[in-house]
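Coordinates in review
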Amino acid sequence: MSVRKNEQSVSRFNTLDIILNLVSYTCQILTNEKIFILRYQKMIDKIAEETCMIYHKCRVANKIDMRTKDPVELSERYHARIKLERESLILCEDLHSDIMISQKLFHLKASRVRHWTKMTVEAQNSIERWYKSEVKRYGL
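What this report covers is the structure whose coordinates are included nearby.

Conventions we followed
Residues numbered from 1 in each chain as written. Predicted model: local features only at pLDDT ≥ 70, side-chain atom pairs only at ≥ 80, totals over all residues. Heavy atoms only, no water. Helix = DSSP H or I, 4+ residues; strand = E, 2+ residues; numbered from the N terminus. Buried < 20%, exposed > 50% of the residue type's maximum accessible area, 1.4 Å probe, protein only. Contact = heavy atoms within 4.5 Å. Areas by Shrake-Rupley, 256 points an atom, 1.4 Å probe, with all protein chains shown as cover. Lys, Arg positive; Asp, Glu negative; His and termini not counted. Charge placed at Lys NZ, Arg CZ, Asp CG, Glu CD. Expected span 1.5 Å × (residues − 1). Polar contact = N/O pair within 3.5 Å; in protein donor to acceptor, adjacent residues only side chain to side chain. Core = buried A, V, L, I, M, F, W, Y, C linked by side-chain atoms within 4.5 Å. Salt bridge = Lys/Arg side-chain N within 4 Å of Asp/Glu carboxyl O.

From N to C terminus, the chain includes four helices and zero strands. When the helices and strands of the chain are listed from N to C terminus, the series reads α-α-α-α. C-alpha atoms of the chain, sized along the principal axes, occupy 55 × 40 × 20 Å. Looking at the chain residue by residue over its 140 residues, the buried ones come to 38%. Considering only residue pairs separated by 6 or more positions, the chain has 77% of its internal contacts joining residues 24 or more positions apart. Here the chain has roughly 9,000 Å² of accessible surface; of this, 54% comes from carbon and sulfur atoms. Here the chain contributes 25 positive and 18 negative side-chain charges, whose respective centroids are spaced 6 Å apart.

In this section: helix α3 (residues 71-105). Between its first and last C-alpha, α3 extends 50 Å over 35 residues, near the 51 Å set by a 1.5 Å rise per residue. Where α3 begins, one side-chain oxygen reaches toward the backbone nitrogen of V72, 3.2 Å away; that side chain belongs to D70. Positive phi appears at H107, one or two residues downstream of α3, with a value of about 55°.

On to the nonpolar core, then. Judged by nonpolar contacts, the single largest core of 36 residues is most densely connected at I19, F36, I54, W116 and I127. Looking at which element gives the most residues to this core, the answer is α3, with nine residues. Setting aside chain neighbours within four positions, we find F36 in contact with I29, L30, I44, S102, F106, L108 and W116.

Moving on to the pattern of salt bridges. Inspection of every chain in the model, using the stated rule, returns seven salt bridges. We note a salt bridge from K57 to E87, for which the minimum N-O separation is 2.8 Å. Of this pair, K57 sits in helix α2 (residues 41-63) while E87 sits in helix α3, and the two are 30 residues apart along the sequence. For R67, the salt bridge goes to D65, with nearest N and O atoms at 3.0 Å. For D65, a relative accessible area of 34% gives the class partly exposed. A single salt-bridge network, built from bridges that share partners, covers K46, E50 and D98.

Shown next as structure tokens:
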């Protein structure tokens, strides 16, 4: 019996790869000074920082070792991991908002916005699936 793609378990490493692709793409397009003019450098820096933080928080969450027999320690680790995953999801929403603002501010092509948004949503969905699998697995 086959399992629907959206119901399959999510590899944390696959999630990190998806996010890393988003970071790479974001940094790549932000360096185009013909589009992302330096007058709005704070906005450009904010977008780059948010995208990198999504990856950083997920990577740190992945590094939290859940192998322990102590229920108190397991609970602490679980809550630390879940907190980082939630923060990553919030940053994805922030990035999505910034993409919409950038579309107007920098007059981005619709195709670029669609692709960038698609990558952001793919990262967000992957983090959400990872988060839900963590809650189901450890749900303390």
